Amino acid sequence: DAKTTQPTSMDCAEGRAANLPCNHSTISGNEYVYWYRQIHSQGPQYIIHGLKNNETNEMASLIITEDRKSSTLILPHATLRDTAVYYCIVRAANDYKLSFGAGTTVTVRA
Amino acid sequence: DAGVIQSPRHEVTEMGQEVTLRCKPISGHDYLFWYRQTMMRGLELLIYFNNNVPIDDSGMPEDRFSAKMPNASFSTLKIQPSEPRDSAVYFCASTLSPSGGIYEQYFGPGTRLTVT
């Protein structure tokens, strides 16, 4: 069973913010939301994670709704190097496995 | 640190041959994961180790696949005999036990396997 639902693809203009949605309506109280991305021909790369509060780091911001059933990853100023597949993953605190779905293919255009 | 190191980066072999993929995790990491990625099935977890001990191998497709971790700095994934449907990119990842809720897997560059 897929724990998350993401759009298949989206385009974004270079320099603009990219907002990537993710639905996780069956998330449990002890499950975190993680985001990874995979640039072509590379291994996946961690971006950010959160439990219930909004989070920000040098790469992105993560906005989690109050009911925790959905979240949005925000790339504040997308560059061409942000073109990648972005994976939204739900992970329990005591689970060491990451289950990657199909992700969202983000294409940043000049 | 050099990150997770995998070798070879590309492997082309004929059906029926034995294939061995190698991984060196980041020094100090106590978890190691093997994944396989194909267009059809996406990124799948095959097996993972904790302190060199296999914890969950439920993702290993069949008995032709085996993985070992003889020490903290080396792991192998072996396919014997190989079949064309094993063609994929195989990733190794490592991580340290979660601290403060942070859990980040570091992935290697992958090995692209082609079985003809």
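Structural notes, computed from the coordinates. (Residues numbered from 1 in each chain as written. Chains lettered and ligands numbered in written order. Predicted model: local features only at pLDDT ≥ 70, side-chain atom pairs only at ≥ 80, totals over all residues. Heavy atoms only, no water.)

1. Points about the sheet that holds strand S7 (residues 70-75) of chain A
Residue and element names in this part refer to chain A. Pairing in this open sheet of 4 strands is antiparallel, and the strands run S2-S7-S6-S5 from one edge to the other. Where the open sheet ends on each side, the last strands, each with one partner, are strand S2 (18-23) and strand S5 (55-56). Pairing between S5 and strand S6 (residues 61-64): 2 bridges, direction antiparallel. Bridge pairing in S6 places Glu55 opposite Leu62. (Pairing = 2+ DSSP bridges. Helix = DSSP H or I, 4+ residues; strand = E, 2+ residues; numbered from the N terminus.)

2. Concerning the sheet that holds strand S1 (residues 9-13) of chain A
Residues and elements named next belong to chain A. Taken in spatial order, the 5 strands line up as S1-S9-S8-S3-S4 in an open sheet, and their pairing is mixed. Of all the strands in the sheet, just S1 and strand S4 (45-50) have a single pairing partner and so form its edges. Strand-to-strand twist of the sheet, defined as the mean angle between neighbouring strand axes without regard to direction, takes the value 25°. In terms of strand pairing, strand S8 (residues 84-92) meets strand S9 (residues 104-109) through 3 bridges, oriented antiparallel. Along S9, the bridge assignment pairs Ala84 with Val106. (Axes fitted to C-alpha atoms, helices over the stretch in contact; angles between N-to-C directions.)

3. Considerations on unusual backbone geometry
The phi angle of most residues is negative, glycine excepted, and most peptide bonds adopt the trans form. Residue and element names in this part refer to chain B. Cis geometry marks the peptide bond from Ser7 to Pro8; its omega dihedral reads -10°. For Pro8, the location among the structural elements is in the loop between strand S1 (5-7) and strand S2 (10-13). A cis geometry characterises the amide bond from Gln80 onward to Pro81, with omega recorded as -5°. If you trace the backbone, Pro81 turns up in the loop between strand S8 (74-79) and strand S9 (88-95).

4. Notes on the side chain of Ser71 of chain A
All names here are of chain A. Tracing the chain through its elements places Ser71 in strand S7. On the basis of relative accessible area, Ser71 is assigned to the buried category, the value being 2%. Only 2.9 Å separates the side chain of Ser71 from the side chain of His24, close enough to count as a polar contact. With residues up to four places along the chain from it excluded, the contact list for Ser71 reads Leu20, Pro21, Cys22, His24, Val33, Trp35, Leu62, Ile63, Ile64 and Cys88. (Buried < 20%, exposed > 50% of the residue type's maximum accessible area, 1.4 Å probe, protein only. Polar contact = N/O pair within 3.5 Å; in protein donor to acceptor, adjacent residues only side chain to side chain. Contact = heavy atoms within 4.5 Å.)

5. Some details on the interface of chain A and chain B
On the side of chain B, 18 residues touch chain A, which itself brings 16 residues to the contact. Taken over both partners, the interface formed by chain A and chain B buries close to 1,500 Å², and the fraction arising from carbon and sulfur atoms is 56%. For the chain A face of the interface with chain B, the top three residues by lost area are Tyr96, Lys97 and Phe100 of chain A, together amounting to 38%. Inspection of the chain A/chain B interface yields 1 salt bridge. Two residues, Asp56 of chain B and Lys97 of chain A, come together in a salt bridge whose shortest N-O distance is 2.9 Å. Mapped by element, the contributors of at least two residues to the side of chain A that touches chain B are strand S3 (31-38), S4 and S8 of chain A. For the side of chain A that touches chain B, the element with the highest residue contribution is S3 of chain A, accounting for 4 residues. (Buried area = accessible area lost by both parts, 1.4 Å probe. Salt bridge = Lys/Arg side-chain N within 4 Å of Asp/Glu carboxyl O.)

6. Remarks on the layout of surface pockets
Here the largest pocket defines a volume of roughly 810 Å³. Together, 33 residues line the largest pocket, and Gln38 and His40 of chain A together with Gln37, Thr38 and Met39 of chain B are the ones closest to its centre. Looking at the lining of the largest pocket, the elements that each hand over two or more residues are S8 and S9 of chain A together with strand S4 (31-38), strand S5 (42-50), S9 and strand S11 (111-115) of chain B. In the lining of the largest pocket, the residues fall into 15 nonpolar, 15 polar and 3 charged. (1 Å grid on protein atoms, 1.4 Å probe; cavity = no way out; pocket = protein on both sides within 12 Å on 5 of 7 lines; lining within 4 Å. Points joined across faces, edges and corners; volume = space filled by probe spheres on them. Nonpolar A, V, L, I, M, F, W, Y, C, P; charged D, E, K, R; others polar.)

7. Examining the state of the cysteines
When the sulfur atoms of two cysteines share a covalent bond, that bond is a disulfide. All names here are of chain A. All told, the structure shown has 2 disulfides over all chains when counted by the stated rule. What pairs with Cys22 in a disulfide is Cys88, and their sulfur atoms sit 2.1 Å apart. Across the S-S bond linking Cys22 and Cys88, the dihedral sits near -85°, which makes this disulfide left-handed. You can see Cys22 sitting in strand S2 and its partner Cys88 sitting in strand S8, a full 66 residues away along the chain. Judged by its relative accessible area of 1%, Cys88 falls in the buried class. (Disulfide = S-S within 2.5 Å.)

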